[in-house]
Amino acid sequence: MESYGCQMNVHDAENVAGMLEGLGYEPATSVDDADLVVILTCCVRRTAEDRAWGRVGELARLKQRRPGVVLALGGCMTQQPGVVEEARQRAPHLDLIFGTHNLYRLPELLALVRPGSTVAEVWQEDGSLPPPMPVRRGAGVRAWITIMYGCDNYCSYCIVPYVRGRQRSRPADEVAREAEEAVRDGYREIFLLGQNVNAYGCDLPGAPDFADLLRRLDRIPGLDRLRYTTSHPRDFTDAMIEAVAECPTVCEHFHLPVQAGSDRILALMNRGYTRDQYLDLLRRIRARVPDCSVTTDIIVGFPGETDEEFADTLDLVWKAQFDAAFTFMFSPRRGTPAASLPGQLPVAEKKRRLQELNRLQNSISLEKNRQLLGAEVEVLVEGISERDPGQLTGRTRTGKVTVFPGPAGWAGKVVVVRVEKALTWTLHGRAVGGEVRVDAGAEAVPDPQGETPG
Ligand code: SAH
Ligand code: SF4
Ligand code: F3S
């Protein structure tokens with residue numbers, strides 16, 4: 001299994017793994033000893049698509065060496081018009097091509113695979129929810145749960161609504177059942193997934209909203225942390241801020257993609273808010289949830305973006321004081337309105353703007369992290385740090401990666417860590433308290449295994 005792009009694909013891969021397990025497959029240790037290779041592609045930017053084609057090209061050599069290996073290509077890229085035909089031409093070594101809407105058909109499709117030909121099935125979206133799929137979740141503390149498929153926003157630059165279809169929310173009962181199951185299986189953090197979670201439920205009978213869903217899931221016994229992505233600033237209501245503030249498990253982290261700081265560009269992007277409305281939302285959030293973190297996504301070099309309009313983005317970034325930002329150069333996507341707008345900028349100029357933006361944001365991120373020096377933060381330990389096997393890594397409730405020494409047995413526990421060093425993207429520190437459970441009144445309690453941190 002290889003998945004590119006966002007958490008949707010990461011979680012789709014868990015569903016694929018679940019289905020394959022049902023067919024008797026086991027995970028391979030490397031692509032070289034796999035009988036089946038499934039790739040879930042992304043096409044949100046040109047670079048993602050190039051990476052997918054590059055990977056498909058590399059797999060031609062694997063197929064030459066081992067003609068028996070089955071190669072399957074799915075995900076968002078194959079869902080675009082014309083890509084199946086293109087793949088048949090460019091990559092005749094593929095055995096199977098499928099889309100996002102028929103993921104659950106993978107077992108049936110694999111049964112149709114025959115040597116020397118390519119099976120292809122890509123559906124248009126028909127407004128229905130996929131049937132429940134088996135899931136093989138990753139090891140670790142986090143369980144991904146889809147609360148809605150698709151997106152109805154049609155931001156003018158974005159391909160997602162075309163490749164993931166219209167917004168379809170899952171009934172709250174189903175979401176709750178899956179979340180309860182994951183917590184029973186030992187997952188301590190539930191991560192809710194949707195392209196615009198704040199619009200959750202408006203397409204369901206009785207229109208339950210996202211605030212209702214958070215309150216309902218918050219009551220699951222044994223759950224430590226509830227997270228969600230992605231929020232749309234236009235749809236983040238005061239009732240939702242209130243729910244985040246009141247629910248003990250809901251983490252104090254807001255990922256609120258702003259995309260641009262100029263009102264003219266925001267309107268061209270079809271985002272549905274102005275910079276002042278966005279900054280006002282941040283003020284309301286920070287007033288109600290002090291010490292929260294805020295992260296964002298920003299696109300530079302949207303068609304026609306002037307120097308002054310880019311300066312508006314820098315100015316907004318300065319005023320907003322984000323903890324971190326994912327920053328991108330505008331990438332024209334076939335079939336989206338922004339791809340055919342006049343005033344497309346040269347790559348060199350987009351790069352220059354990206355670097356300037358990153359310089360500013362990195363200095364803000366570092367300063368924000370430095371403000372935490374000496375503070376005690378709750379870290380849900382994910383395991384041994386890949387970079388430094390002598391240390392553990394985990395995240396604070398605000399989503400900051402924190403590295404500190406401790407025994408591997410602490411994986412899956414919430415530990416209180418004093419921050420001793422702050423870098424741009426990570427905090428470093430030392431454990432000072434035992435395990436914290438939300439349902440134990442958020443107090444430090446002795447470690448059940450007797451290993452008292454610090
Ligand atoms: N639904 C989410 C995630 C969308 S994709 C949201 O609305 O935030 C993640 C990010 O990719 C977007 O927030 C945007 O910043 C970026 N992105 C999407 N399309 C893009 C494009 N054509 N060029 C550059 N960046 C893009
Ligand atoms: Fe794309 Fe906008 Fe939907 Fe996000 S909200 S997935 S950026 S169309
Ligand atoms: Fe990419 Fe599809 Fe996600 S286009 S960003 S994998 S929804």
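Computed from a predicted structure; not experimentally measured.

Peer 1: Explanation requested: the packing of helix 11 (residues 307–320) against helix 12 (residues 347–370) in the structure shown.
Peer 2: Helix packing geometry: the angle between the two helix axes and the distance between the axes. Where helix 11 meets helix 12, the closest approach of the two axes is 10 Å, and the angle between their N-to-C directions is 15 degrees. Our classification of the angle between helix 11 and helix 12 gives roughly parallel. Here the hand of the crossing between helix 11 and helix 12 comes out right-handed. Seen from helix 11, the contacting residues are Asp 307, Phe 310, Thr 313, Leu 314, Val 317 and Trp 318; seen from helix 12, they are Glu 349, Arg 352, Arg 353, Glu 356, Leu 357, Leu 360, Gln 361 and Ile 364. In terms of residue class, the contact of helix 11 with helix 12 is made up of 7 nonpolar, 2 polar and 5 charged.

Peer 1: How do you make sense of the sheet that holds strand 11 (residues 253–255) when you look at a structure like this?
Peer 2: Whether parallel or antiparallel, the strands of a sheet pair through hydrogen bonds between backbone atoms. Here 3 strands make up an open sheet; going across it, the order is 11-12-13 and the pairing parallel. The open sheet has two edge strands with one neighbour each: strand 11 and strand 13 (324–329). Recorded for the sheet is a direction-independent mean angle of 10 degrees between the axes of neighbouring strands.

Peer 1: In this structure, what is going on with the site of ligand 3? I would like to understand it.
Peer 2: Near ligand 3 the following residues occur: Cys 6, Asn 9, Cys 42, Cys 43, Val 44, Cys 76, Arg 164 and Gln 195. Tallied by class, residues from the shell around ligand 3 come to 5 nonpolar, 2 polar and 1 charged.

Peer 1: For this particular structure, what's the right way to read the packing of helix 10 (residues 275–288) against helix 11?
Peer 2: Where helix 10 contacts helix 11, the axes come no closer than 11 Å and their chain directions differ by 10 degrees. Put simply, helix 10 runs roughly parallel to helix 11. Contact residues: helix 10 offers Arg 275, Tyr 278, Leu 279, Leu 282 and Arg 286, while helix 11 offers Asp 312, Asp 315, Leu 316, Lys 319 and Ala 320. Counted by class, the contact of helix 10 with helix 11 contains 5 nonpolar, no polar and 5 charged residues.

Peer 1: Is there a simple way to explain the packing of aromatic side chains in this structure?
Peer 2: Each aromatic ring pair is summarised here by two numbers: the centre-to-centre distance and the angle between the ring planes. Across all of its chains, the model carries 9 aromatic pairs by this definition. Aromatic pair Trp 144 and Phe 191: ring centres 4.8 Å apart, planes at 40 degrees, arrangement tilted. Here Phe 191 lies in strand 9 (residues 189–193) and Trp 144 lies in strand 6 (residues 142–146), a separation of 47 residues in the sequence. A ring pair is formed by Phe 302 and Phe 330, whose centres lie 5.4 Å apart and whose planes are at 65 degrees; its orientation type is edge-to-face. Taken as a pair, Phe 302 in the loop between strand 12 (293–300) and helix 11 and Phe 330 in the loop between strand 13 and helix 12 lie far apart in primary sequence, 28 residues in all. For Phe 302, a relative accessible area of 0% gives the class buried. Residue classification places Phe 330 among the buried positions, given a relative accessible area of 3%. Every member of this aromatic cluster is reached through a ring pair, and the members are Tyr 273, Tyr 278 and Phe 322. In this structure, Arg 45 is placed above the aromatic ring of Phe 328, and the distance from its NZ or CZ to the ring centre is 3.7 Å. Directly above the ring of Trp 53 sits Arg 90, whose terminal nitrogen or CZ lies 4.1 Å from the centroid.

Peer 1: Can you walk me through a negative patch on the surface in this structure?
Peer 2: Among the surface-exposed residues, Asp 263, Asp 276, Glu 308 and Asp 312 lie close enough to one another that they form a single negatively charged patch. Here Asp 263 shows up in helix 9 (residues 263–268). For Asp 263, a relative accessible area of 37% puts it in the partly exposed group.

Peer 1: Sorry, what's going on with helix 3 (residues 83–90) here?
Peer 2: Helical geometry note: an α-helix holds 3.6 residues per turn, so side chains three or four residues apart project in the same direction. Taken together, the buried positions of helix 3 are occupied by Val 83, Val 84 and Ala 87. Buried residues of helix 3 fall within an arc of 100 degrees about the axis and therefore sit on the same side. The inward-facing, buried residues of helix 3 abut helix 2 (46–65), strand 4 (96–98) and strand 5 (119–121).

Peer 1: Any chance you could explain unusual backbone geometry here in plain terms?
Peer 2: Backbone phi values are negative for most residues with the exception of glycine, while trans is the configuration of most peptide bonds. A cis amide bond, omega 5 degrees, links Thr 229 with the succeeding residue Thr 230. Secondary-structure assignment places Thr 230 in the loop between strand 10 (225–229) and helix 8 (238–246). Of note in the backbone geometry, Tyr 154 takes a positive phi value of approximately 50 degrees without being a glycine. Here Tyr 154 lies in the loop between strand 7 (148–149) and helix 5 (160–164). When its relative accessible area of 32% is taken as the criterion, Tyr 154 is described as partly exposed. Even without a glycine there, the phi angle at Gln 321 is positive, about 50 degrees.

So, how was this worked out
- Residues numbered from 1 in each chain as written.
- Chains lettered and ligands numbered in written order.
- Predicted model: local features only at pLDDT ≥ 70, side-chain atom pairs only at ≥ 80, totals over all residues.
- Heavy atoms only, no water.
- Axes fitted to C-alpha atoms, helices over the stretch in contact; angles between N-to-C directions.
- Helix = DSSP H or I, 4+ residues; strand = E, 2+ residues; numbered from the N terminus.
- Parallel < 35°, antiparallel > 145°, perpendicular 65-115°, else oblique.
- Left-handed = near helix turned anticlockwise from the far one by under 90°.
- Contact = heavy atoms within 4.5 Å.
- Nonpolar A, V, L, I, M, F, W, Y, C, P; charged D, E, K, R; others polar.
- Pairing = 2+ DSSP bridges.
- Near = heavy atom within 4 Å.
- Phe/Tyr/Trp six-rings, centres within 6.5 Å; stacked < 30°, edge-to-face > 60°.
- Buried < 20%, exposed > 50% of the residue type's maximum accessible area, 1.4 Å probe, protein only.
- Lys NZ or Arg CZ within 6 Å of the ring centre and 35° of its normal.
- Patch = residues over 30% accessible without salt bridge, like charges linked within 9 Å, V, L, I, M, F, W, Y side chains within 5 Å.
- Areas by Shrake-Rupley, 256 points an atom, 1.4 Å probe, with all protein chains shown as cover.
- Salt bridge = Lys/Arg side-chain N within 4 Å of Asp/Glu carboxyl O.
- Lys, Arg positive; Asp, Glu negative; His and termini not counted.
- Charge placed at Lys NZ, Arg CZ, Asp CG, Glu CD.
- Arc of directions from axis to C-beta.

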